[in-house]
Amino acid sequence: MTSRPIVERQYRDPHHYPEGIAFQDGQYLPVSEAKISVLDWGFLHSDATYDTVHVWDGAFFRLDRHLERFWGSLERLRMSIPYDPAQVTEILHNCVALSGHRNAYVEMLCTRGTSPSFSRDPRDAVNRFMAFAVPFGSVANAEQLARGLHIAVSDVVRIPPSSVDPAIKNYHWLDLVRGLFDAYDQGAETALVVDSQGNVAEGPGFNVFLVKDGSLATPADGVLAGITRQSVFEICEELGLACAPRALPRAELAGADELFITSTAGGIMPVTRINDRPVNAGAVGPVTRRIKDLYWAKHSDPAWSSPVDYSL
Ligand SMILES: *Cc1c(COP(=O)(O)O)cnc(C)c1O
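Model, not experiment: these values are computed from the prediction.

Here is what the cut-offs are and how they apply
Residues numbered from 1 in each chain as written. Predicted model: local features only at pLDDT ≥ 70, side-chain atom pairs only at ≥ 80, totals over all residues. Heavy atoms only, no water. Helix = DSSP H or I, 4+ residues; strand = E, 2+ residues; numbered from the N terminus. Buried < 20%, exposed > 50% of the residue type's maximum accessible area, 1.4 Å probe, protein only. Polar contact = N/O pair within 3.5 Å; in protein donor to acceptor, adjacent residues only side chain to side chain. Contact = heavy atoms within 4.5 Å. 1 Å grid on protein atoms, 1.4 Å probe; cavity = no way out; pocket = protein on both sides within 12 Å on 5 of 7 lines; lining within 4 Å. Points joined across faces, edges and corners; volume = space filled by probe spheres on them. Nonpolar A, V, L, I, M, F, W, Y, C, P; charged D, E, K, R; others polar. Domains from an automatic or database assignment. Near = heavy atom within 4 Å. Sits in = over half its atoms within 2 Å of the grid points. Pairing = 2+ DSSP bridges. Axes fitted to C-alpha atoms, helices over the stretch in contact; angles between N-to-C directions. Salt bridge = Lys/Arg side-chain N within 4 Å of Asp/Glu carboxyl O. Expected span 1.5 Å × (residues − 1). Arc of directions from axis to C-beta.

Asks: Break down the side chain of R62 for me, citing the residues and quoting the values.
Replies: Positionally, R62 belongs in the loop between β4 (59–61) and α3 (63–76). Judged by its relative accessible area of 5%, R62 falls in the buried class. A distance of 2.9 Å separates the side chain of R62 from the side chain of E234, its partner in a polar contact. Excluding anything up to four places from it in sequence, R62 contacts I227, Q230, S231, E234 and W304.

Right under this line is the structure:
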């Protein structure tokens, strides 16, 4: 027996896969039916880029910023897609509306694709665009958000910017996954990796901030310019808090008053233990709380959000 009958049964039962809608080749389909070829460079060589935006309470958050970053990534990788930003906006809105999700994790991606002759020249490949909307996911679960994450700074070095441009959001995660396993081995829940100078870089899909004496700092170089990171800069300005991107030696983290991580998948997430020692008193700090509260308040500000039209 092949697995085919099982697969077909799953398609009929929406509870057997994360409910969501994908867009591929001009069509909308259940996310479980979206596929790429095993010969796609995106799969075989991680030759792909993507961007993730979230929908909260029925509205996209900072979609314009995510589209801008996605187009920047496409350009740097010399990829092109047959849609302009307005068309991708429409596709993403349709995925969310068709999924019915009020809180969603929405991804647009482009792989290098395949070439008809399986040529080794990336210029022969036909780039492939896909998008999907699934239920909102977070780096930290509800318990971790309430009490703060337990994180470990791994000795794993993030691939240098001279090798892979960190400004391109990518699936090149072997260093980050290695960092995660290292963190689990140390009894932590997630990881930070370092750069070749021993400064803190970032974690699997998130940036990191430190609070000391009322001022904030975050690694300046060798990290993805997170949209949530950018939102923290703007929120700090609004709250009158000093916040500067700079080199962050790993030893500084141990003396932090507060630590938090930032991602579209979860927002502003407190960290209360680092390498199995409490951060300050080990409780979620007041600066983290203020920034987190304003971040979520911004989700109903029309300057930062755009409602999904569910009336399809
Ligand atoms: C996506 C991502 C982040 C966070 O970026 P946001 O735009 O805030 O979601 C940070 N680091 C890496 C490596 C990422 O892929």
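Asks: Lay out the layout of surface pockets in plain terms, naming residues and giving numbers.
Replies: Estimates place the volume of the largest pocket at around 530 Å³. Mapped onto the lining of the largest pocket, the elements with two or more residues apiece are β3 (48–56), α3, β5 (104–114), α7 (227–239) and β12 (258–263). Class assignment for the residues of the lining of the largest pocket results in 15 nonpolar, 14 polar and six charged. For the lining of the largest pocket, the domains that each give at least three residues are domain 1 (21–137) and domain 2 (142–299).

Asks: Help me get a handle on the environment of P219, residues and values and all.
Replies: Mapped onto the elements, P219 comes out in strand β10 (residues 215–219). For the pair P219 and V177, spaced 42 residues apart in sequence, the C-alpha separation works out to 20 Å. When residues no more than four places from it in sequence are discounted, the contact partners of P219 are V200, A201, V208, R229, P245, R246 and L248.

Asks: How would you summarise the site of the ligand if you had to cite specific residues and measurements?
Replies: The environment of the ligand is made up of 14 residues, and the closest members are K169, E202, I227, T228 and T264. At a separation of 2.7 Å, an oxygen atom of the ligand approaches a polar side-chain atom of K169. Within the backbone of I227, an N or O atom sits 2.7 Å from an oxygen atom of the ligand. Counting atoms within 2 Å of the grid points, the majority share of the ligand lands in the largest pocket. Looking at the shell around the ligand residue by residue, the classes come out as four nonpolar, six polar and four charged.

Asks: Could you give an account of the sheet that holds strand β1 (residues 21–24), naming the residues involved and the relevant values?
Replies: As summarised here, the arrangement of the seven strands in space is β2-β1-β6-β5-β3-β4-β15, forming an open sheet in which the pairing is antiparallel. Each having just a single partner strand, β2 (27–30) and β15 (305–307) make up the two edges of the open sheet. On average, adjacent strands in this sheet sit at an angle of 25 degrees to one another, irrespective of strand direction. Taken together, the two bridges between β3 and β4 define a ladder with antiparallel strand orientation. Looking at β4, one finds that W56 is bridged to A59. Against the sheet, helix α4 (residues 85–99) touches β1, β2, β3, β4, β5, β6 (126–135) and β15, its axis set at about 35 degrees to β6.

Asks: Tell me about the pattern of salt bridges, and please be specific about residues and values.
Replies: As enumerated under the stated definition, the model contains 18 salt bridges in all. Notably, a salt bridge pairs E143 with R147, separated by 3.0 Å at the nearest N-O pair. Here E143 and its partner R147 are both found in helix α5 (residues 142–147), four residues apart, which amounts to about one turn of the helix. The class for E143 is exposed, based on a relative accessible area of 52%. Judged by relative accessible area, R147 falls into the partly exposed class, the value being 27%. Put simply, R62, R65 and E234 are held in one network by salt bridges that share partners.

Asks: How would you summarise helix α9 (residues 286–297) if you had to cite specific residues and measurements?
Replies: Taking 1.5 Å of rise per residue, the 12 residues of α9 would be expected to cover 16 Å, and the 16 Å separating its terminal C-alpha atoms lies within 8% of that figure. Those residues of α9 lying buried are V287, T288, I291, L294 and Y295. All buried residues of α9 fall inside an arc of 140 degrees around its axis, so they share one side. Opposite its buried face, α9 presents the exposed residues P286 and D293, each directed more than 90 degrees away.

Asks: Report on the pairing of strand β13 (residues 267–274), specifying residues and quantitative values.
Replies: With seven of eight residues buried, β13 lies mostly within the body of the structure. Looking at chain direction, strand β7 (residues 149–157) and β13 are connected through three bridges and run parallel. When the sheet's bridge partners are listed, I151 is paired in β13 with I274. The pairing of β12 with β13 spans five bridges and is classified as antiparallel. Across the sheet, the residue bridging to T262 is I268, located in β13. A loop of three residues connects β12 with β13, the two strands running antiparallel in sequence, and G266 in this loop sits at a positive phi of about 130 degrees. Linking β13 to strand β14 (residues 277–278), which pair antiparallel, is a turn of two residues; within it N275 sits at a positive phi near 45 degrees.

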